[in-house]
Amino acid sequence: MTDAEEPEGALEGLKVVEIAEGISGPYCGKLLADLGAEVIKVERPGAGDASRGFAPFYHDEPSPDAGLLFGFLNTSKLGVTLDVAAPPGREILHRLLAEADVVLVGGRPAAIERAGLDYASLSEAHAGLVCTYVTPFGLTGPHAGWQGSELVAFQASGLGIMTPAERRGSPEMRPLKAGGHQALMVAGLTAAVATMHALFAREASGDGQCVDVSEVEPLTSHQFLNLARWTYTGDPGYRGYTEGSGRIWCRDGAVFMLLFAGQEHQWQAFLDLMGNPEWAQGPEYRSRASLGEKTEEFWARVHEWAGGYGKQELYREAQGRRVPMFPENSIAEAVESEQVRARGFVQEIPLACGASVRAPTAPYQFSETPVRVRRVAPSLGRDNDAVFRGRLGLTAEELRRAREAGVV
Amino acid sequence: MSDGEPLPLSGVTVADFSWVLAGPRCTSWLGAMGARVIKIEGPKRPDQYRSVAVFEAGKAGIDGSGAFHPLNHTKLGCAIDFGHPKGLALAKRIVAISDVVVENFSHGVMERAGLGYEELRQLKPDVIMVSSSAMGKSGPDKHHVAYGTLIHAFAGLNSVTGYEGESAGTVGGTFADPLTGTTMVLAVLAALWRRRRTGRGQLIDLSMVEATMMQLPELVMDYTANGRVAAPRGNDDGIAAPNDCYPCRGEHDWVAISVRSQEEWEAFCGALGRPAWCADPRFADQQSRFEHREALNRHVSEWTRTLSAAAATELLQAAGVAAGPSYSAAQLYADPHYNARGLFVEVEHPVVGRKPVMGLPYRLAPGPGPRYWAAPTLRQHTDLVLRDILELDEAEIASLREEGVVA
């Protein structure tokens, strides 16, 4: 089913069955599929993946095949419909799993168990299968049954109470999440890592693996620095850290600059960028670390100076002197930036509704095994015939009966 | 370092030239999976994170930083000045016995040092090199230098974070760096998987800006398809209400609540004991609740203020409503769930003693592994690497040390 003339992906030959909805599980499946794995996405007959209903839609016209996030999260996959909880559907599923290396399962643990997709059931039937579960709070622990959401996961990670970082002096202002679905996407990425880890574990031990990924721990693991601040210094980790960086306001927006305390050449380069002003000649200005009480005055002077610049202009001049400074871009400015365009990071992908739209491609470039979109995200049940008849050898009659029973 | 049963990455050697955050996070995970990771630092130019001021009282110094430790567990650490010709020769010998090379210097540093991919594959034809930088290894701005928080600004993450009506906000703590580290791990594992089947290595080029933009697909596509440029909107998702953080009884005490369906709304009202405002027709369906979320959020806040975040969470979760506290670092470290799942792993460090690091944020059973040991001190494994791995004799090592090539 793949185009023989296209170069192979790194994971060519790996077979994955995905029974997951929403964002985290499907993102894991997408990463593996774009790397070359064959991913068969199994959806509920009728409604399909709930994320088919997520806005935004292409040209704002809602349709199960026009969801932009769905179209992104399900590239390169084969799509079938199957009621995995009904006995005839379960039988077909097990025929799929018999050929698979990995099954990727999403949802809450109780629902997973009810559908017979728990590790005890699957490993009994398929020794050697890697079973990756992506669930709101994980399969074990006192909160395993809890309901999750992007907001709840982001706040559980420790990042929320520190966001937005610049509101240091305003503990009465509510914690925020970052834009988009950062916790769920990081969980999906981590699930892909965990799945590969498990495949190597299977090679080392010969055993199938139960991979238990929660939607809360992957983002929480980003908070190692604040965990260390707490355990080493007793700082409980509230709002205020921007890790040594600061926003500088220009004529038309802002730039961000980070003067790493250990990199004195960057400090000097920044003073050079400002033309080594008279006010910066005192001993306090020898390094960032020696600013002390002058810190506030320093930043006030910097803002006064930067106000005459446009942000892109200042950014280019600063980078010309190796000063770590970046513009604060809108999404449009990031997408249209010269660098992102030159690398082809944002490229047209087709959607099942027939349109195509520019989307992020991959977070890495492989020199030998290009990462690429192999197939358009499936319309509901698009590959039923190819997979059930072509792959599993179901007869037309068997498939017809399954359809009539509402299983497919 | 153990000789027990084979771990998933047993037999894989990683030459680790990385520093600061993203690269070290990647290689610590590879170490936990069983790879032999050899971290190479300059004796006079050690990892900058060794100087980040997270020190216990009386433990400040090159080996004491709590910023360095959690990113460098489960590695061997050696100090080799690869700016010196003899040090470069040693670094090349390490590469020649390695399967994977990881680096995250600014673009061009490895090439100028004589350690670019083209040189490395002469030394080890099937080497996998993972190279991460702010902007990637191609394009007109590949030389630009940046750190994590600048990446957030460039990638547009700031522009979609913040209170409604504001222009941008900054994500607290670190985000793009650890994200890039995790992405690097996936790239290494995929390339190793490929190499086991074909015997071929490759170069993987990773841009932190792109790793971050990859996290914002629907916002990128809403712009490219619909011309809409997203702005900060607090915690709103445009659909659900209540869906926000609400103040609780204590200081820094907040509960996040997400009610995303009629069924969950009924459960939510039930958990609160069905106060009169729940029957307000403005709150009858999801669309109307979202339109009137300001009024709704005032009612919810009045209720949450009477409770601790922990108590509100228990009540709501018992009713099947998504809820949870906004954790500080101190609170998440005390969380019974994270602790029961073994998210924090204690390791014994020669300078700071027993300290937690973040373990791999998932469980794998039956394994084997993962395994963990504390981050190396600056010179901890120099002799081990030179003597036992590169098979130098004691006299050679002593002379290199005298010349300042190694420490």
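Residues numbered from 1 in each chain as written. Chains lettered and ligands numbered in written order. Predicted model: local features only at pLDDT ≥ 70, side-chain atom pairs only at ≥ 80, totals over all residues.

Description of the overall build of chain B
- Across its full length, chain B holds 16 helices and 12 strands.
- Over its C-alpha atoms, taken along the principal directions, chain B stretches across nearly 85 × 50 × 40 Å.
- Within chain B, the proportion of its 407 residues that are buried is 58%. (Helix = DSSP H or I, 4+ residues; strand = E, 2+ residues; numbered from the N terminus. Buried ≥ 20, exposed ≤ 12 C-beta atoms within 10 Å, placed from the backbone.)

A few points about the overall build of chain A
- A tally of regular secondary structure across chain A gives 16 helices and 12 strands.
- Considering only C-alpha atoms, chain A reaches an extent of 85 × 45 × 40 Å along its principal axes.
- Going through the 408 residues of chain A one by one, you find that 57% of them count as buried.
- The contacts of chain A with a sequence gap of at least 6 include a subset with a gap of at least 24, amounting to 70%. (Contact = placed C-beta atoms within 7 Å.)

Describing the sheet that holds strand β3 (residues 78-81) of chain A
- If you trace the seven strands from one edge of the open sheet to the other, you get β3(A)-β2(A)-β1(A)-β4(A)-β5(A)-β6(A)-β12(B), paired in mixed fashion. Looking along the sheet, the strands with just one partner apiece sit at the ends: β3 of chain A together with β12 (363-365) of chain B. Across the sheet, the mean angle from the axis of one strand to that of its neighbour is 20°, orientation sign disregarded.
- Sheet topology note: the strand β5 (residues 130-135) of chain A/strand β6 (residues 209-214) of chain A ladder contains six bridges and is parallel. Considered in β6 of chain A, the bridge of V134 of chain A is made with V213 of chain A.
- Contacts between helix α15 (residues 384-391) of chain A and the sheet are confined to β2 (38-43) and β3 of chain A, with β3 of chain A contributing the most and set at about 85° to the helix. (Pairing = 2+ DSSP bridges. Axes fitted to C-alpha atoms, helices over the stretch in contact; angles between N-to-C directions.)

Some points on the packing of helix α1 (residues 22-32) of chain B against helix α6 (residues 176-198) of chain B
Residue and element names in this part refer to chain B.
- Where α1 meets α6, the axes come as close as 7 Å, and the angle between the chain directions of the two elements is 45°. Classified by the interaxial angle, the pair formed by α1 and α6 is oblique. Between α1 and α6 lies a crossing whose hand is right-handed. Listed contacts from α6 to A22, G23, R25, C26, W29 and L30 of α1 are D177, P178, T180, G181, M184, V185 and V188.
- Of the residues belonging to the contact of α1 with α6, the class tally is eight nonpolar, three polar and two charged. (Parallel < 35°, antiparallel > 145°, perpendicular 65-115°, else oblique. Left-handed = near helix turned anticlockwise from the far one by under 90°. Nonpolar A, V, L, I, M, F, W, Y, C, P; charged D, E, K, R; others polar.)

What to know about helix α3 (residues 87-98) of chain A
Residue and element names in this part refer to chain A.
- In this model α3 runs 16 Å from its N-terminal to its C-terminal C-alpha over 12 residues, within 8% of the 16 Å that 1.5 Å per residue would give.
- Within the span of α3, buried status applies to G89, I92, L93, L96 and L97. The buried residues of α3 occupy an angular sector of 145° when projected down its axis, which confines them to one face. For α3, the exposed residues set more than 90 degrees away from the buried face come down to P87, E91 and A98.
- Close packing links the buried residues of α3 with β1 (15-19), β2, β4 (102-106), α5 (119-125), α15 and α16 (396-404). (Expected span 1.5 Å × (residues − 1). Arc of directions from axis to C-beta.)

With respect to the interface of chain B and chain A
- Contact residues are listed per partner, giving 130 residues for chain B and 124 residues for chain A.
- Of all the elements, α6 of chain B adds the most residues to the side of chain B that touches chain A, at 12 residues.
- Residues that form the side of chain B that touches chain A fall into these classes: 75 nonpolar, 41 polar and 14 charged.
- Two strands pair when backbone bridges link them, and strand β12 (residues 365-366) of chain A and strand β6 (residues 202-207) of chain B are joined in this way by two bridges, in the antiparallel orientation. Residue pairing across strands places F366 of chain A opposite I204 of chain B, the latter belonging to β6 of chain B.

Digging into the domain arrangement of chain B
- By the assigned domains, chain B splits into domain 1 (13-215 + 341-402) and domain 2 (243-327).
- One C-alpha centre belongs to domain 1 of chain B, the other to domain 2 of chain B, and the line joining them spans 43 Å. (Domains from an automatic or database assignment.)

Considering the sheet that holds strand β9 (residues 322-325) of chain B
Residues and elements named next belong to chain B.
- Across the sheet, which stays open at both edges, the three strands sit in the order β7-β8-β9 with antiparallel pairing between neighbours. Where the open sheet ends on each side, the last strands, each with one partner, are β7 (243-247) and β9. On average, each strand axis in the sheet is inclined to that of its neighbour by 20°, with strand direction left out of account.
- Pairing between β7 and strand β8 (residues 254-258): five bridges, direction antiparallel. Considered in β8, the bridge of C245 is made with A256.
- Helix α11 (residues 293-304) contacts β7 and β8 of the sheet and is inclined by roughly 40° relative to β7.
- Where helix α12 (residues 309-318) meets the sheet, it contacts β8 and β9, and its direction lies at approximately 165° from that of β9.

Quick look at the pairing of strand β11 (residues 356-360) of chain A
All names here are of chain A.
- Sheet topology note: the strand β10 (residues 346-350)/β11 ladder contains five bridges and is antiparallel. Of the residues in β11, the one forming a bridge with V346 is P360.
- Two successive antiparallel strands, β10 and β11, enclose a turn made up of five residues, where G354 displays a positive phi of approximately 105°.

Some words on the environment of E278 of chain A
Residues and elements named next belong to chain A.
- As for its placement among the helices and strands, E278 is situated in the loop between α10 (264-273) and α11 (295-306).
- Overall, E278 belongs to the exposed group, with 7 C-beta atoms counted inside 10 Å.
- For the pair E278 and G53, spaced 225 residues apart in sequence, the C-alpha to C-alpha distance is 60 Å.

A few points about the domain arrangement of chain A
- On domain assignment, one finds that chain A holds domain 1 (15-222 + 342-404) and domain 2 (245-330).
- Computed from C-alpha coordinates alone, the two centres of domain 1 of chain A and domain 2 of chain A are separated by 43 Å.

Examining the packing of helix α1 (residues 24-34) of chain A against helix α7 (residues 182-205) of chain A
All names here are of chain A.
- One way to put it is that α1 packs onto α7 with a least axis distance of 7 Å and a crossing angle of 50°. Considered as vectors, α1 and α7 are oriented oblique to each other. Judged by the twist between their axes, the crossing of α1 over α7 is right-handed. Two secondary-structure elements touch here, α1 through S24, G25, Y27, C28, L31 and L32 and α7 through L184, M185, A187, G188, L189, A191, A192 and T195.
- Among the residues forming the contact of α1 with α7, the class breakdown is 10 nonpolar, four polar and no charged.

Section: the pairing of β5 of chain A
Residue and element names in this part refer to chain A.
- By the criterion of burial, β5 is predominantly enclosed, with six of the six residues buried.
- Side chains V130, T132 and V134 project from β5 onto one buried face, and the interleaved C131, Y133 and T135 project onto a second face that is buried too.
- As judged from the five bridges shared by β4 and β5, these two strands associate in the parallel manner. Within β5, the residue paired with G106 across the bridge is V134.

Considerations on unusual backbone geometry
- In this structure, P56 of chain A follows A55 of chain A across a cis peptide bond, with omega equal to 0°.
- Note that P56 of chain A resides in the loop between β2 and α2 (68-73).
- In this model, T163 of chain A is joined to P164 of chain A through a cis peptide bond whose omega is 0°.
- If you trace the backbone, P164 of chain A turns up in the loop between α6 (150-156) and α7.
- One non-glycine residue, D60 of chain A, lies in the positive phi region at around 60°.
- Mapped onto the elements of the fold, D60 of chain A is located in the loop between β2 and α2.
- According to the C-beta neighbour criterion, D60 of chain A is exposed, with 12 such atoms within 10 Å.
- For T74 of chain B, which is not glycine, the phi torsion reads 65° and is therefore positive.
- Inspection of the secondary structure puts T74 of chain B in the loop between β2 (36-41) and β3 (76-79).

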